Amino acid sequence: MHSGSAAAVVVFLALTLLLALFFLPAFIARSVLRHYSDEREDFPGTGGELARHLLDRRGLNDVVVEVTEAGDHYDPQARAVRLSPQNHDGRSLTAVTVAAHEVGHALQHAEGYAPLQIRSTLARSAQQAERIGAWVMMLVPVMAVLTRSPVGAGFVLLVGVVSFGVSALVHLVTLPVELDASYRRAMPILAMGYIPPRDQRAARRILTVCAFTYVATALASVLNMWRWLALIRR
């Protein structure tokens, strides 16, 4: 095999691996969530009702439970557990497991869990930083032409890369926060009679696949930063 062909194969395999790392976790998570989304007549309430019950039981009456189209999440600024319609109104294993997980974030917030506070602080600036980064990276060629100096362009490039790095950092910090909400909080709660013992393994599977979608998102942020660097080098 010629060296050029061998290099092309290596590049193809590397790109395939990167695409798999990016898309597979999200695909698997969606498949698992759908698999356990059938309505369960043996469950006494919906995901939204379970969330409300768990919050009240722990004295978090000021935390609201809301329906959202923006994906299941806990908003520490609004003090709100927000669930998608199918999880808020559903009586499935997916619905109650996701609800318990989001309540886990509310418990983290109430306890002053430091990684959640760090994640929240970073997240507030990450989106704006990424937008700034995109503009800064587009200014690099302009700076190079106007100043005719690699120093000015290099500085702008550094600022842009750092701004993209903030987004990747948010997702990396998010993973331990998600794992804590899942395994130290949601699973022990669910095991206290909220789901049958036969469902606990499946609930753990739901929490695991959802948590590791954040790994794929972090990789996507890193790849986005690398893409800009590759464009600048041209």
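Everything below is about the structure printed above this text.
Anyway, here's the lowdown on the structure attached to this text. (Residues numbered from 1 in each chain as written. Predicted model: local features only at pLDDT ≥ 70, side-chain atom pairs only at ≥ 80, totals over all residues. Heavy atoms only, no water.)

**Focus on helix α7 (residues 200-211)**
An α-helical turn contains 3.6 residues, so any two residues separated by three or four positions project in the same direction.
Alright, step 1. With 12 residues, α7 ought to run about 16 Å at 1.5 Å a step, and its terminal C-alpha atoms sit 17 Å apart, in line with that.
Alright, step 2. All of the buried residues along α7 are Ala-202, Ala-203, Ile-206, Leu-207, Val-209 and Ala-211. (Helix = DSSP H or I, 4+ residues; strand = E, 2+ residues; numbered from the N terminus. Expected span 1.5 Å × (residues − 1). Buried < 20%, exposed > 50% of the residue type's maximum accessible area, 1.4 Å probe, protein only.)

**Focus on the environment of Arg-185**
Alright, step 1. On the secondary structure map, Arg-185 appears in helix α6 (residues 150-194).
Alright, step 2. Arg-185 sits in the buried class, given a relative accessible area of 7%.
Alright, step 3. The sequence separation of Arg-185 and Gly-104 amounts to 81 residues, and the corresponding C-alpha distance is 5.3 Å.
Alright, step 4. A polar side-chain atom of Arg-185 sits 2.9 Å from a polar atom in the side chain of Glu-111.
Alright, step 5. Polar contacts involving the side chain of Arg-185 include one to the side chain of Asp-180, which spans 2.5 Å. (Polar contact = N/O pair within 3.5 Å; in protein donor to acceptor, adjacent residues only side chain to side chain.)

**What to know about a nonpolar patch on the surface**
Alright, step 1. There is a patch of nonpolar side chains on the surface, built from Leu-24, Phe-27 and Ile-28 and spanning about 280 Å² of accessible area.
Alright, step 2. As for its position among the elements, Leu-24 is in helix α1 (residues 3-35).
Alright, step 3. Accessibility expressed as a relative area gives 44% for Leu-24, which makes it partly exposed. (Patch = residues over 30% accessible without salt bridge, like charges linked within 9 Å, V, L, I, M, F, W, Y side chains within 5 Å. Areas by Shrake-Rupley, 256 points an atom, 1.4 Å probe, with all protein chains shown as cover. Salt bridge = Lys/Arg side-chain N within 4 Å of Asp/Glu carboxyl O.)

**Some details on the sheet that holds strand β3 (residues 80-83)**
Alright, step 1. With mixed pairing, the three strands of this open sheet are ordered in space as β1-β3-β2. The sheet is open, and its two edges are formed by β1 (64-67) and β2 (73-75), each paired on a single side. Across the sheet, the mean angle separating the axes of adjacent strands is 25 degrees when strand polarity is ignored.
Alright, step 2. Against the sheet, helix α4 (residues 93-111) touches β2 and β3, its axis set at about 160 degrees to β3. (Pairing = 2+ DSSP bridges. Axes fitted to C-alpha atoms, helices over the stretch in contact; angles between N-to-C directions. Contact = heavy atoms within 4.5 Å.)

**Here's the deal with the nonpolar core**
Alright, step 1. In terms of nonpolar packing, the biggest core is built from 32 residues, with Leu-55, Val-81 and Leu-93 touching the most fellow members.
Alright, step 2. For this core, the elements supplying multiple residues, two or more each, are α1, α2 (47-57), β3, α4, α6 and α7.
Alright, step 3. Broken down by element, this core gets its largest block of residues, eight residues, from α4.
Alright, step 4. The residues contacting Leu-55, other than those within four sequence positions of it, are Leu-60, Asn-61, Val-63, Val-65, Val-81, Val-103 and Ala-106. (Core = buried A, V, L, I, M, F, W, Y, C linked by side-chain atoms within 4.5 Å.)

**Quick word on the pairing of β3**
Alright, step 1. Going residue by residue along β3, you find Ala-80 and Arg-82 tucked away on one face and Val-81 and Leu-83 tucked away on the opposite face as well.
Alright, step 2. As paired strands, β1 and β3 are joined by four bridges and run parallel to one another. In the sheet register, Val-64 faces β3, and the bridge partner there is Ala-80.
Alright, step 3. As judged from the three bridges shared by β2 and β3, these two strands associate in the antiparallel manner. Pairing of His-73 across the sheet is with Arg-82, part of β3.
Alright, step 4. Between β2 and the antiparallel strand that follows it, β3, lie four residues; Arg-79 among them carries a positive phi value of about 50 degrees.

**Quick look at the pattern of salt bridges**
Alright, step 1. By the definition in use, this model includes 11 salt bridges.
Alright, step 2. For Asp-42, the salt bridge is made with Arg-198, and the minimal N-O distance between the two is 3.5 Å. Placement of Asp-42 in the loop between α1 and α2 and of Arg-198 in the loop between α6 and α7 is noted, with a sequence separation of 156 residues between them.
Alright, step 3. Asp-42 sits in the partly exposed class, given a relative accessible area of 43%.

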